[in-house]
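Okay, here's what each chain looks like letter by letter:
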Amino acid sequence: QVQLVVSGGGLVQPGGSLRLSCAASGSISSTNTMGWYRQAPGKQRDLVATMSNGGDTNYADAVKDRFAISRDNAKNTVYLQMNSLKPEDTAVYYCRYIGRVFGITRTYWGQGTQVTVSS
């Protein structure tokens, strides 16, 4: 069982910045990927950025030049630094944990946090 606690959402003006944090606790696998997904009303939940224990990152094209994902493995925490925010970034942002043991994948989702970009 893995619990994810997300913080850092809020309201920001276009061009502004916001930093999200997601702390994982529980049965953390030594092999895991953590990252961020977002979902706007009426839309599917899409990948924003992920980062593995090995340091590999993956970004959605829409955010790759503006967002940066990082990890603090000592705290089992992943961050998302969001810069140059646009109204189209408005969504509920979810933290996801993916652990792998003996080829079996287990995934856990945080509750999500609202990010609103508006003037």
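Presented here is an overview of the structure given in this document.

Conventions we followed
Residues numbered from 1 in each chain as written. Predicted model: local features only at pLDDT ≥ 70, side-chain atom pairs only at ≥ 80, totals over all residues. Heavy atoms only, no water. Helix = DSSP H or I, 4+ residues; strand = E, 2+ residues; numbered from the N terminus. Rg over C-alpha atoms; globule rule 2.2 N^0.38 Å. Buried < 20%, exposed > 50% of the residue type's maximum accessible area, 1.4 Å probe, protein only. Contact = heavy atoms within 4.5 Å. Areas by Shrake-Rupley, 256 points an atom, 1.4 Å probe, with all protein chains shown as cover. Salt bridge = Lys/Arg side-chain N within 4 Å of Asp/Glu carboxyl O. Disulfide = S-S within 2.5 Å. Phe/Tyr/Trp six-rings, centres within 6.5 Å; stacked < 30°, edge-to-face > 60°. Lys NZ or Arg CZ within 6 Å of the ring centre and 35° of its normal.

When you go through the chain residue by residue, the secondary structure sums to 0 helices and 11 strands. Ordered by position in the sequence, the α and β elements of the chain form the string β-β-β-β-β-β-β-β-β-β-β. Taken over the C-alpha trace, the chain has a radius of gyration of 14 Å; the compact-globule value for 119 residues is 14 Å, and the two agree within 12%. When its C-alpha atoms are laid out on the principal axes, the chain stretches across 45 × 25 × 25 Å. When the 119 residues of the chain are sorted by exposure, 40% land in the buried category. Within the chain, residue pairs in contact and separated by at least 24 positions form 53% of the contacts whose partners lie at least 6 positions apart. For the chain, the exposed area adds up to about 6,400 Å²; of that, 46% sits on carbon and sulfur atoms.

All chains considered together, the criterion is met by 3 salt bridges. Asp61 is the salt-bridge partner of Lys64, the closest N and O atoms lying 3.9 Å from each other. When the shortest N-O distance is used, the salt bridge between Asp89 and Arg66 registers 2.7 Å. Taken together, the positions of Asp89 in the loop between strand E8 (77-82) and strand E9 (91-101) and Arg66 in the loop between strand E6 (57-59) and strand E7 (67-72) put the pair 23 residues apart, joining distant regions of the chain.

Attention shifts here to the state of the cysteines. Overall, the coordinates contain 1 disulfide when judged by the stated rule. Here Cys22 engages in a disulfide with Cys95; their sulfurs sit 2.0 Å apart. With the S-S bond torsion at -85°, the cross-link from Cys22 to Cys95 turns out left-handed. In this pair, Cys22 sits in strand E3 (residues 18-26) while Cys95 sits in strand E9, placing the two residues 73 residues apart along the sequence. Comparing Cys22 with Cys95, the two get one shared label, buried.

With that out of the way, let us pick up the environment of Leu4. With respect to the helices and strands, the residue Leu4 is situated in strand E1 (residues 2-7). When its relative accessible area of 9% is taken as the criterion, Leu4 is described as buried. Between the alpha carbons of Leu4 and Ala40 there is a distance of 21 Å; along the sequence they are 36 residues apart. Here Leu4 is in contact with Cys22, Ala23, Ala24, Met34, Cys95, Arg96, Tyr97, Tyr108, Trp109 and Gly110, once residues within four sequence places are set aside.

A separate point is the environment of Gly8. Considering the arrangement of structural elements, one finds Gly8 in the loop between E1 and strand E2 (10-12). Along the primary structure Gly8 and Ala68 are separated by 60 residues, whereas in three dimensions their C-alpha atoms are 15 Å apart. Apart from residues lying up to four places away in sequence, Gly8 is in contact with Leu18, Arg19 and Leu20.

A few words now on the packing of aromatic side chains. Evaluated as defined, the whole model comprises 3 aromatic pairs. Considering the side-chain rings of Tyr37 and Trp109, the 5.1 Å spacing of their centres and the 70° angle between planes classify their relative orientation as edge-to-face. Note that Tyr37 is positioned in strand E4 (residues 32-39) and Trp109 in strand E10 (residues 104-109), a separation of 72 residues in sequence. Take Tyr37: its relative accessible area is 10%, and that puts it in the buried class. Between Tyr94 and Trp109 the ring centres are 6.4 Å apart and the planes differ by 90°, which places this aromatic pair in the edge-to-face class. Taken together, the residues Tyr94 in strand E9 and Trp109 in strand E10 connect sequence positions 15 residues apart. Pairwise contacts between aromatic rings join Tyr37, Tyr94 and Trp109 into one cluster. Just above the ring of Tyr79 sits the side chain of Arg19; from NZ or CZ to the centre is 4.0 Å.

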